[in-house]
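Chains, contacts and geometry: an overview
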There are 2 protein chains.
Amino acid sequence: MNAVSNRKPDYERLLRKAGVRVTRPRKVIVGILTQSDDHPDALEIFKRAVAIDKTISLSTVYRTMKLLESMGAIHRHAFEGGPSRFEQAGGDHHDHLIDLDTGDVIEFKSDRIEQLQDEIARALGYEIIHHRLELYGRKKKSSG
Amino acid sequence: MNAVSNRKPDYERLLRKAGVRVTRPRKVIVGILTQSDDHPDALEIFKRAVAIDKTISLSTVYRTMKLLESMGAIHRHAFEGGPSRFEQAGGDHHDHLIDLDTGDVIEFKSDRIEQLQDEIARALGYEIIHHRLELYGRKKKSSG
DNA sequence: ATTCATGCAAAGGCTTTGCATGCAA
DNA sequence: TTGCATGCAAAGCCTTTGCATGAAT
């Protein structure tokens, strides 16, 4: 297992570069993303946004997430049995371990697994476009 | 990568053992599962069921899949951007490669990856309850 | 001044559920 | 005969979308 780095994109710059408008709602939303190190869903982002600007709508959150995703600025994860959750792009590729009790997401990375995946796909005559590896588990109580 | 075996459960027996009724709709649905080697979603199962018995409802399909799942007789997979798809349990554990062009699902198994997953979880202080490994890819055109 | 983005409410896709009826045991 | 299972329709959850208004350029 390898370390997972995490550098945050300059969203406003990305928005300008994409030729879209840097509006108040978008500023609020990307501000939230910048300050987040977790994997919030749209509703959670909406709540955080409303705390800053009461006029923001949930639709705009969804639209903005979709926009950022299409720009490659964030990643969308559909973990089991819940709404999509988002995280900032820009860090290394990694996979996720989801704590079944808390919903917490722990990032990890294994070059060895990636390599094995490639081998498998190749053996089956496929080229991997992307993959999803999620471990669902519970914290081991080490002694209390 | 290892071979994936596939033996089918005797659903009616499982139903009886679970103490639930072996009704006409349930017979039709498990009959369809027995004859399937693909990964149909609820609507697809419903269509196949209606071809046999016009009176079956989609609700019953959903209810039956939920029942079978709770009995461990089938597995539910929520592949990207689509409805849940089901497959018979009873074969070896395996993971999935989804053909992005056709939606086809190819099963594979890698003990080595499983082992690495366990190591990762252990290193993070977690016990894996279950996991999900999906490769999304396209067939390599080998020469045309 | 334009045009794009927003808020709102409605709808859409998948799935579950309440209820009265029907069928398995 | 008794109660579980069914069909139907309605609702629920998450997400998208149509439309008129408002704001960024």
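Note that this is a predicted model, so its numbers are computed, not measured. (Residues numbered from 1 in each chain as written. Chains lettered and ligands numbered in written order. Predicted model: local features only at pLDDT ≥ 70, side-chain atom pairs only at ≥ 80, totals over all residues. Heavy atoms only, no water.)

Once that is clear, we can look at the domain arrangement of chain A. Residue and element names in this part refer to chain A. Domain assignment breaks chain A into domain 1 (11-88) and domain 2 (95-137). Each of domain 1 and domain 2 has a C-alpha centre, and the two are 24 Å apart. The interface is formed by 7 residues belonging to domain 1 together with 8 residues belonging to domain 2. Considering only the surface of domain 1 that becomes buried against domain 2, His39, Phe79 and Glu80 emerge as the three largest contributors, covering 61% of it. Scanning the region where domain 1 abuts domain 2 turns up 0 salt bridges. Taken together, the connections running from domain 1 to domain 2 amount to 4 residue pairs in polar contact (both at pLDDT 80 or more). Its residues assigned to classes, the side of domain 1 that touches domain 2 comprises 2 nonpolar, 2 polar and 3 charged. (Domains from an automatic or database assignment. Contact = heavy atoms within 4.5 Å. Buried area = accessible area lost by both parts, 1.4 Å probe. Salt bridge = Lys/Arg side-chain N within 4 Å of Asp/Glu carboxyl O. Polar contact = N/O pair within 3.5 Å; in protein donor to acceptor, adjacent residues only side chain to side chain. Nonpolar A, V, L, I, M, F, W, Y, C, P; charged D, E, K, R; others polar.)

Moving on: the packing of helix H3 (residues 42-52) of chain B against helix H4 (residues 58-70) of chain B. Residue and element names in this part refer to chain B. The geometry of H3 relative to H4 is characterised by a closest axis approach of 9 Å and an angle of 120° between their N-to-C directions. In terms of their interaxial angle, H3 and H4 are classed as oblique. Between H3 and H4 lies a crossing of right-handed hand. Across from Ala42, Leu43, Ile45 and Phe46 in H3, the residues of H4 making contact are Leu58, Val61, Tyr62 and Met65. Taken together, the residues of the contact of H3 with H4 sort by class into 8 nonpolar, no polar and no charged. (Axes fitted to C-alpha atoms, helices over the stretch in contact; angles between N-to-C directions. Helix = DSSP H or I, 4+ residues; strand = E, 2+ residues; numbered from the N terminus. Parallel < 35°, antiparallel > 145°, perpendicular 65-115°, else oblique. Left-handed = near helix turned anticlockwise from the far one by under 90°.)

Attention now moves to the relation of the copies chain A and chain B. Overlaying chain A with chain B gives an RMSD of 0.1 Å, the required rotation being 180° about an axis along which the chain moves by 0.0 Å. One copy is carried onto the other by what is essentially a two-fold rotation axis. Ranked by how close their C-alpha atoms come to the rotation axis, the residues of chain A are headed by Leu133(A), at 2.2 Å. A shared interface surface links the copies, since 100% of the contact residues of chain A are contact residues in chain B too. (Least-squares fit on C-alpha atoms with pLDDT ≥ 70 in both.)

Around DNA strand D lies a shell of 20 residues, among which Tyr62(A), Arg21(B), Thr55(B), Thr60(B) and Arg63(B) are the nearest. Near the protein, meaning within 4 Å, the atoms of DNA strand D are sugar or phosphate in a fraction of 60%, with bases accounting for the rest. Thr23(B) is positioned with one of its side-chain polar atoms (N or O) 2.9 Å from a phosphate oxygen of DNA strand D. Residue assignment for the surface near DNA strand D shows that the elements contributing at least two residues are helix H4 (58-70) of chain A together with helix H2 (24-35) and H4 of chain B. With 4 residues, the single largest contributor to the surface near DNA strand D is H4(A). (Near = heavy atom within 4 Å.)

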